[in-house]
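The lines below spell out each chain.
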Amino acid sequence: MDLERILSGGKNLVRTGWMQRGVPPSVGETVAQHSWEAGILAYYISKKLKEKGVNVSPEKAVAIAVFHDIGESLLGDLPKWATDRLPQKEEIEKEAIKQLGLGEELFEEYKNRSLEGQIAKLSEMLATYLQAKRYLRQGYDVKEIMETYFSVLQEMKRRSPFNLIENQIDFLINDLIK
């Protein structure tokens, strides 16, 4: 296991999409910051679903969300343009995670979309959208990212079981960051 590479890799790797839109590396969100925010959101969403009677493990959802980009510690943060054109991206990510030696089972759940994996995906999307709102307030041109993620989030919140907490998801999307 390459624990130090996992720990330092995510903390030092600025997400590429922000830099491509003019956010300087000194201001750019790292993979670790993104994963941490996704983990917090996964816990919040899981707890809200649990209150509605959904059988979910908030702790598992958090773990999946925190580990969803672990492969980037070795692979790097590929821009969306590249990942949309790499049919073998998932296999490359799996290989990177295997080489790092930690989190393979969590990545599988994220990709295979268990309920907790779905929550992690929604949380990851929300974390990106919220960061885009922060950058937009700072004057960076991230409208394209915001619009793309907004439309995906609108679709995701209507699916079961997220439709049970649509109001809470709307709060996160629309009111958490003004």
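Provided above is the structure to which this section pertains.
These figures come from a predicted structure and were not determined experimentally.

Colleague: Could you give an account of the overall build of the chain, naming the residues involved and the relevant values?
Modeller: Each helix and strand counted, the chain has 11 helices and zero strands in total. Starting at the N terminus and walking to the C terminus, you meet the elements of the chain as α-α-α-α-α-α-α-α-α-α-α. Here the chain has a C-alpha radius of gyration of 16 Å; the compact-globule value for 178 residues is 16 Å, and the two agree. Considering only C-alpha atoms, the chain reaches an extent of 40 × 40 × 30 Å along its principal axes. A burial count over the chain gives 46% of its 178 residues as buried. Excluding contacts between residues fewer than 6 apart, the proportion of contacts in the chain whose partners are at least 24 apart in sequence is 67%. Of the accessible surface of the chain, which amounts to about 9,200 Å², a share of 52% is contributed by carbon and sulfur atoms. Of note, the chain has its 25 positive side-chain charges centred 5 Å away from the centre of its 27 negative side-chain charges.

Colleague: Now, about helix H10 (residues 143-158): what can you tell me, with residues and values included?
Modeller: Along its 16 residues, H10 runs 23 Å from first to last C-alpha, staying within 8% of the 22 Å computed at 1.5 Å per residue. Here H10 has its buried residues at Ile145, Met146, Tyr149, Leu153, Gln154, Met156 and Lys157. Around the axis of H10, the buried residues are gathered within 165° of arc, so they sit on the same side. Of the exposed residues in H10, the ones pointing more than 90 degrees away from its buried face are Glu144, Glu147 and Arg158. Buried residues in H10 make contact with helix H2 (16-20), helix H9 (115-137) and helix H11 (166-175).

Colleague: I'd like a rundown of a nonpolar patch on the surface, residues and numbers included.
Modeller: Judged by side-chain polarity, Met1, Leu3 and Leu7 come together as a nonpolar surface patch covering roughly 330 Å² of accessible area. Among the secondary structure elements, leucine 7 is positioned in helix H1 (residues 3-12).

Colleague: Describe in detail the packing of aromatic side chains, supporting the description with residues and values.
Modeller: Applying the stated criterion to the full structure yields three aromatic pairs. Ring geometry for tyrosine 129 versus phenylalanine 150: centroids 6.0 Å apart, planes at 40°, classification tilted. Highlighted residues: tyrosine 129 in helix H9 and phenylalanine 150 in helix H10, separated in sequence by 21 residues. A network of ring pairs unites the aromatic residues Trp18, Tyr135 and Tyr140 as a single cluster.

What counts as what
- Residues numbered from 1 in each chain as written.
- Predicted model: local features only at pLDDT ≥ 70, side-chain atom pairs only at ≥ 80, totals over all residues.
- Heavy atoms only, no water.
- Helix = DSSP H or I, 4+ residues; strand = E, 2+ residues; numbered from the N terminus.
- Rg over C-alpha atoms; globule rule 2.2 N^0.38 Å.
- Buried < 20%, exposed > 50% of the residue type's maximum accessible area, 1.4 Å probe, protein only.
- Contact = heavy atoms within 4.5 Å.
- Areas by Shrake-Rupley, 256 points an atom, 1.4 Å probe, with all protein chains shown as cover.
- Lys, Arg positive; Asp, Glu negative; His and termini not counted.
- Charge placed at Lys NZ, Arg CZ, Asp CG, Glu CD.
- Expected span 1.5 Å × (residues − 1).
- Arc of directions from axis to C-beta.
- Patch = residues over 30% accessible without salt bridge, like charges linked within 9 Å, V, L, I, M, F, W, Y side chains within 5 Å.
- Salt bridge = Lys/Arg side-chain N within 4 Å of Asp/Glu carboxyl O.
- Phe/Tyr/Trp six-rings, centres within 6.5 Å; stacked < 30°, edge-to-face > 60°.

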